Number of protein chains: 2
Amino acid sequence: MQMSPIMVPRRLYQAAPPVAPRTADTDGVRLIGVTLTVARDQEVFGEGEPADQVYKVVRGAVRGFRVLSDGRRQICDFYLPGDVFGIEPGCEHRASAEALTDTVLIVARRSSLGEDTDPTAARRLWGLAMADLQRSQDHALTLGRRSASERVASFLVDMANRLGASEMLELPMSRQDIADYLGLTIETVSRTLTQLQVSGLIKLAGCRSIHLRKPRALADLCA
Amino acid sequence: MQMSPIMVPRRLYQAAPPVAPRTADTDGVRLIGVTLTVARDQEVFGEGEPADQVYKVVRGAVRGFRVLSDGRRQICDFYLPGDVFGIEPGCEHRASAEALTDTVLIVARRSSLGEDTDPTAARRLWGLAMADLQRSQDHALTLGRRSASERVASFLVDMANRLGASEMLELPMSRQDIADYLGLTIETVSRTLTQLQVSGLIKLAGCRSIHLRKPRALADLCA
DNA sequence: GGCGCGGATTGATCAAGATCAAGGCAGCCT
DNA sequence: AGGCTGCCTTGATCTTGATCAATCCGCGCC
């Protein structure tokens with residue numbers, strides 16, 4: 001089942017999600033720019049390319065990742081509707097980004113954000129970057145110290161929060177993407193989801209939609 | 001062997017380290033504030049405390065970390081002489097910080113950085129935060145996808161770069177700290193270092209000083 | 001509706017690293 | 001100097017998650 005764009009939540013931001021929110025402001029950063037449509041699995045930008053543009057997800061979803069020389073891939077983050085990505089410290093991208101599904105983006109030149117002239121824009125951008133840092137450190141905690149079931153449970157809880165889904169979760173990504181985000185293999189992710197279903201915490205309904213039957217218990221599992 | 005403050009390198013910044021540098025500017029952010037001495041293992045700040053101050057390491061070293069409810073610890077980063085830390089998106093710290101050895105810090109109120117008024121200060125702060133984000137994402141790649149020996153090798157290479165040690169490396173942290181940074185156990189770190197020594201890549205000389213005999217081979221091991 | 005394809009699940013086995021358990025060593029204190 | 005204490009190292013065994021190998025299933029297409 002391919003996720004249809006219609007199912008993406010309308011509200012771009014939730015009120016105070018329990019896990020590190022992506023922006024400091026509730027209504028995020030306004031981007032003025034061209035809209036760009038990217039087909040599933042198409043590259044938005046690649047490692048080493050010049051980083052003079054920033055992107056905001058309108059519909060769909062994006063994976064940001066790095067790869068080792070032998071092809072091992074680590075997904076650093078998923079970008080969901082409302083998220084801004086592509087801001088880098090230097091002049092070139094140190095990660096790659098690809099669309100998970102057919103995706104609509106707004107693209108703006110970095111310079112158009114007015115970070116030098118507009119203190120409000122600068123502060124928003126700052127909040128954005130710091131929230132990303134928080135998320136990345138949370139992610140490091142998960143990758144370094146949590147077990148497979150804790151990783152999968154926290155992934156589901158985080159996704160539910162970010163997608164604004166209280167119980168019915170429509171995932172935009174494949175099992176392989178989840179595995180590469182959580183530092184596991186696809187088999188382990190699959191087995192863990194099956195176990196969670198057997199324990200009655202979730203119900204799998206087609207491989208990309210998951211019913212969170214006991215969200216509280218799931219959150220407790222995250223340790 | 002306790003590391004003496006005298007052994008800390010004088011130069012606060014290296015020229016262009018190969019791994020993500022901590023600051024965009026070569027001479028970093030100037031902090032005007034009070035100096036603070038923190039004894040080994042003493043807390044600089046704790047999770048949940050108000051984050052209205054920033055810190056710069058003068059001598060010694062600091063670990064920044066998060067803990068799970070059951071005590072598992074993930075060290076997010078080590079802060080070495082010249083590094084600035086303690087900047088947070090919100091008003092409270094989401095991580096804790098403790099001195100690794102007897103440490104001297106400069107403390108400044110966050111507001112004194114003049115990020116709102118001085119565009120240069122703002123840009124430096126920005127570079128700092130983005131470099132931290134890069135480092136954190138590198139760290140996630142290591143934790144998610146690298147083997148134990150790759151983790152240890154990349155740790156040694158990174159430390160050598162940051163401490164400005166070309167071959168003789170004086171580590172300010174214990175094996176347990178290294179393990180908690182790399183998402184391994186203390187036994188695995190110890191065994192891996194022994195293996196590296198047997199392979200002739202390093203020579204252990206007292207448990208906190210390591211001679212990198214084949215830095216190039218070590219770097220190749222990082223994958 | 002039937003077929004085929006690609007991702008997902010499941011099973012069997014393997015191995016990297018964790019855990020449990022002793023020693024060893026260095027620095028420190030008296 | 002001697003002993004003590006706290007890390008560090010080493011060894012034996014166990015467990016978790018990886019790997020290898022079939023299916024299975026859902027979906028799109030004919």
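Anything mentioned here points back to the structure above.
Residues numbered from 1 in each chain as written. Chains lettered and ligands numbered in written order. Predicted model: local features only at pLDDT ≥ 70, side-chain atom pairs only at ≥ 80, totals over all residues. Heavy atoms only, no water.

S.K.: Would you explain the overall build of chain A in this entry?
M.R.: Across its full length, chain A carries five helices and 11 strands. Out of the 223 residues belonging to chain A, those deemed buried represent 56%. In the structure as shown, chain A presents an accessible area of about 9700 Å², 53% of it carried by carbon and sulfur atoms. (Helix = DSSP H or I, 4+ residues; strand = E, 2+ residues; numbered from the N terminus. Buried < 20%, exposed > 50% of the residue type's maximum accessible area, 1.4 Å probe, protein only. Areas by Shrake-Rupley, 256 points an atom, 1.4 Å probe, with all protein chains shown as cover.)

S.K.: Can you help me understand the interface of chain A and chain B in this one?
M.R.: Interfaces are often sized by the amount of accessible area the parts lose when they come together. Each partner contributes to the interface: chain A provides 40 residues, whereas chain B provides 40 residues. Counting across the chain A and chain B interface gives eight salt bridges. No other element matches the 18 residues that helix 1 (residues 119-145) of chain A contributes to the side of chain A that touches chain B. Taken together, the residues that form the side of chain A that touches chain B break down as 17 nonpolar, nine polar and 14 charged. (Contact = heavy atoms within 4.5 Å. Salt bridge = Lys/Arg side-chain N within 4 Å of Asp/Glu carboxyl O. Nonpolar A, V, L, I, M, F, W, Y, C, P; charged D, E, K, R; others polar.)

S.K.: Teacher, can you tell me more about the protein's contact with DNA strand D here?
M.R.: Around DNA strand D lies a shell of 16 residues, among which Thr188 of chain A together with Arg175, Ser190, Arg191 and Thr194 of chain B are the nearest. Here a phosphate oxygen of DNA strand D sits 2.8 Å away from a polar atom, N or O, in the main chain of Ala148 of chain A. A distance of 3.0 Å is found between a base nitrogen of DNA strand D and a side-chain nitrogen or oxygen belonging to Glu187 of chain A. Secondary-structure elements contributing two or more residues to the surface near DNA strand D are helix 4 (186-198) of chain A together with helix 4 (186-198) of chain B. Of the residues forming the surface near DNA strand D, the biggest block, four residues, is contributed by helix 4 of chain B. Classifying every residue of the surface near DNA strand D by side-chain character gives four nonpolar, seven polar and five charged. (Near = heavy atom within 4 Å. Polar contact = N/O pair within 3.5 Å; in protein donor to acceptor, adjacent residues only side chain to side chain.)

S.K.: Looking at this structure, I do not really get unusual backbone geometry. What am I missing?
M.R.: Among all residues save glycine, negative phi is the norm, and among peptide bonds the norm is trans. Residues and elements named next belong to chain A. We note that Asp41 has phi near 70 degrees; this positive angle belongs to a residue other than glycine. Inspection of the secondary structure assignment puts Asp41 in the loop between strand 1 (34-38) and strand 2 (43-45). Given the relative accessible area of 44%, Asp41 is considered partly exposed.

S.K.: Explanation requested: the protein's contact with DNA strand C in the structure shown.
M.R.: Looking at DNA strand C, there are 18 residues lining it, with Arg175, Ser190 and Thr194 of chain A together with Ala148 and Thr188 of chain B nearest. Across the atoms of DNA strand C situated within 4 Å of the protein, the share located in sugar and phosphate is 67%. The contact in question runs from a base nitrogen of DNA strand C to an N or O atom on the side chain of Glu187 of chain B, over 3.0 Å. Note that a base oxygen of DNA strand C is positioned 2.8 Å from one of the side-chain N or O atoms of Arg191 of chain B. At the level of secondary structure, the elements contributing two or more residues to the surface near DNA strand C comprise helix 3 (175-182) and helix 4 of chain A together with helix 4 of chain B. When residues in the surface near DNA strand C are grouped by element, the largest group, five residues, is from helix 4 of chain A. When grouped by side-chain class, the residues that make up the surface near DNA strand C number five nonpolar, eight polar and five charged.

S.K.: What's the story with the relation of the copies chain A and chain B in this structure? I'm lost.
M.R.: Applying a rotation about an axis and a shift along it to one chain copy brings it onto the other copy. Expressed as a screw operation, the relation of chain A to chain B combines 0.0 Å of axial shift with a rotation of 180 degrees, fitting to an RMSD of 0.0 Å. In the structure described here, the two chain copies are related by an operation that fits a two-fold rotation axis. (Least-squares fit on C-alpha atoms with pLDDT ≥ 70 in both.)

S.K.: Can you walk me through the sheet that holds strand 6 (residues 84-85) of chain A in this structure?
M.R.: Two modes of strand pairing occur in sheets, parallel and antiparallel, and in both the strands are linked by backbone hydrogen bonds. All names here are of chain A. The sheet built from four strands is open, its strands ordered 1-8-3-6 with antiparallel pairing. Only two strands of the sheet have a single neighbouring strand rather than two, namely strand 1 and strand 6. Here strand 3 (residues 53-59) runs beside strand 6; their pairing, made up of two bridges, is antiparallel. Along strand 6, the bridge assignment pairs Tyr55 with Phe85. (Pairing = 2+ DSSP bridges.)

S.K.: Quick question: what am I supposed to make of the pattern of salt bridges here?
M.R.: Once their charged atoms are close, side chains differing in charge can pair, the charge on each being opposite to the other. Applying the stated rule across the entire model yields 32 salt bridges over all chains. The partner of Asp77 of chain A in a salt bridge is Arg162 of chain A, with the nearest N and O atoms 3.4 Å apart. Of this pair, Asp77 of chain A sits in strand 5 (residues 73-79) while Arg162 of chain A sits in helix 2 (residues 148-163); the two residues are 85 residues apart in sequence, bridging distant segments of the chain. On the accessibility criterion, Arg162 of chain A (17% relative accessible area) is buried. Where Glu47 of chain B meets Arg66 of chain B, a salt bridge forms, and the shortest distance between an N and an O atom there is 3.8 Å. You can see Glu47 of chain B sitting in the loop between strand 2 (43-45) and strand 3 (53-59) and its partner Arg66 of chain B sitting in strand 4 (residues 62-67), a full 19 residues away along the chain. With relative accessibility at 38%, the residue Glu47 of chain B sits in the partly exposed group. One salt-bridge network, in which partners are shared between bridges, spans Asp41, Arg63, Arg73, Glu98, Asp177 and Asp180 of chain A together with Arg145 of chain B.

S.K.: Would you explain helix 3 (residues 175-182) of chain B in this entry?
M.R.: All names here are of chain B. The buried count for helix 3 comes to seven of eight residues, which makes it a mostly enclosed element. Of the positions making up helix 3, those classed as buried are Arg175, Asp177, Ile178, Ala179, Asp180, Tyr181 and Leu182. Looking one or two residues beyond helix 3, the residue adopting positive phi is Gly183, at roughly 70 degrees.

S.K.: Would you take a moment to explain the environment of Met168 of chain A for this structure?
M.R.: All names here are of chain A. Position of Met168 among the secondary structure elements: in strand 9 (residues 168-170). Met168 sits 45 residues away from Arg213 along the chain, and the two C-alpha atoms are 8.8 Å apart. Beyond its immediate chain neighbours, meaning those up to four positions away, Met168 contacts Ala205, Ser209, Ile210 and His211.

S.K.: Explanation requested: the packing of aromatic side chains in the structure shown.
M.R.: Any aromatic ring pair is given by two values, namely how distant the centres are and how the planes are angled relative to each other. Residue and element names in this part refer to chain A. The full count for this structure, using the stated rule, is 15 aromatic pairs over all chains. Their ring planes at 10 degrees and their centres at 4.7 Å tell us that Tyr79 and Phe85 sit as a pair that is stacked. Overall, the relative accessible area of 3% leaves Phe85 in the buried class. Site record: aromatic cluster; members linked through ring pairs are Phe45, Tyr55, Tyr79 and Phe85. Of note, Arg73 hangs over the ring of Phe65, and the distance from its end group to the ring centre comes to 5.6 Å. (Phe/Tyr/Trp six-rings, centres within 6.5 Å; stacked < 30°, edge-to-face > 60°. Lys NZ or Arg CZ within 6 Å of the ring centre and 35° of its normal.)

Any functional reading would require information beyond the geometric quantities listed.
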